[in-house]
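# Descriptive analysis of the structure
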Amino acid sequence: MDVNKVTLLGNLVKDPGSKKLPTGQSLSFFRLATNYSWKDIKTKEKRESVDYHSVTAWGRLAEIISQYLKKGSRIYLEGRLQQKNWKDKEGKFQSRTNIIADNLVMLGKRGSEKEKEPAGLAKEDVDLEEVEVAE
């Protein structure tokens, strides 16, 4: 058995985008920022870095994301990695890694005391063979 599992806790970089496909399927996409901090061994100073992740969600989960999430929303996300490879107009090979969201927990906005959006778990199982999206 193989495992392709991603778990992230982070903040939306900007408001999510969304589309309704001709098939009626909902699609939502956004970038998630995750922070990592460590102590530099030589200087003993605290160091930080930020990674940005492209995330796509389908179906009911996409509708929930579009309705409730905004720039700065803090979320817990589970999903899987999806690799896309293609040749650009100049014939160079390009590659992009995307996360396909399966589960999402809305945790609130970063730094806010009160939650204005409902917190909860959203889960969506989607058969991606039925849906084709142009890059």
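Whatever comes next refers back to the structure up there.
Residues numbered from 1 in each chain as written. Predicted model: local features only at pLDDT ≥ 70, side-chain atom pairs only at ≥ 80, totals over all residues. Heavy atoms only, no water.

## Here we look at the overall build of the protein chain
The line we're drawing: Numbering of helices and strands runs from the N terminus, with a helix taken as a DSSP run of H or I at least four residues long and a strand as a DSSP run of E at least two residues long. Type-normalised accessible area, obtained with a 1.4 Å probe on protein chains alone, sets the label of each residue: buried when under 20%, exposed when over 50%, and partly exposed for intermediate values. We call two residues in contact when some of their heavy atoms are within 4.5 Å. In short, Shrake-Rupley with a 1.4 Å probe defines the accessible areas, and a residue's cover is counted only from the protein chains shown.
Broken down by element type, the protein chain carries 1 helix and 7 strands. For the protein chain, the sequential pattern of α-helices and β-strands runs β-β-β-β-α-β-β-β. The buried share among the 135 residues of the protein chain stands at 34%. Relative to all contacts within the protein chain whose residues are 6 or more apart in sequence, the contacts with residues 24 or more apart total 57%. Taken as a whole, the protein chain presents about 9600 Å² of accessible surface, with 49% of it coming from carbon and sulfur.

## Quick word on unusual backbone geometry
You will see that lysine 44, though not glycine, has its phi angle at about 65°, which is positive. Tracing the sequence through the fold places lysine 44 in the loop between strand S3 (26-39) and strand S4 (46-58). Residue lysine 44 is classed as exposed on the basis of its relative accessible area of 56%.

## Examining the packing of aromatic side chains
The following threshold applies: In this scheme Phe, Tyr and Trp rings, the latter by its six-membered ring, pair at centre separations within 6.5 Å, and the angle between planes marks the pair as stacked below 30 degrees, edge-to-face above 60, and tilted otherwise.
Under the counting rule described, the total for this entry stands at 1 aromatic pair. A ring pair is formed by tyrosine 36 and tryptophan 38, whose centres lie 5.4 Å apart and whose planes are at 25°; its orientation type is stacked. The exposure class assigned to tryptophan 38 is partly exposed, which follows from its relative accessible area of 30%.

## Description of a nonpolar patch on the surface
Worth spelling out the cut-off: In this scheme, patches are assembled from residues that exceed 30% relative accessible area and form no salt bridge. Like charges are connected within 9 Å, while nonpolar side chains (Val, Leu, Ile, Met, Phe, Trp, Tyr) are connected within 5 Å. Salt bridge, as used here: a side-chain nitrogen of Lys or Arg that lies within 4 Å of a carboxyl oxygen of Asp or Glu.
Side chains of Val13, Val50 and Tyr52 sit close together on the surface and give an oily, nonpolar patch of about 240 Å² of accessible area. Along the chain, valine 50 turns up in strand S4.

## Re the pairing of strand S2 (residues 17-20)
Successive side chains on a regular strand alternate, one facing one side of the sheet and the next facing the other. As a reminder, the rule being used: At least two bridges found by DSSP between two strands is the condition for calling them paired.
By the bridge criterion, 4 bridges tie S2 to S3 in an arrangement that is antiparallel. Within the sheet, the bridge partner assigned to serine 18 lies in S3 and is serine 28. Hairpin connection from S2 to S3: 5 residues lie between these consecutive antiparallel strands, with glycine 24 at a positive phi of about 95°.

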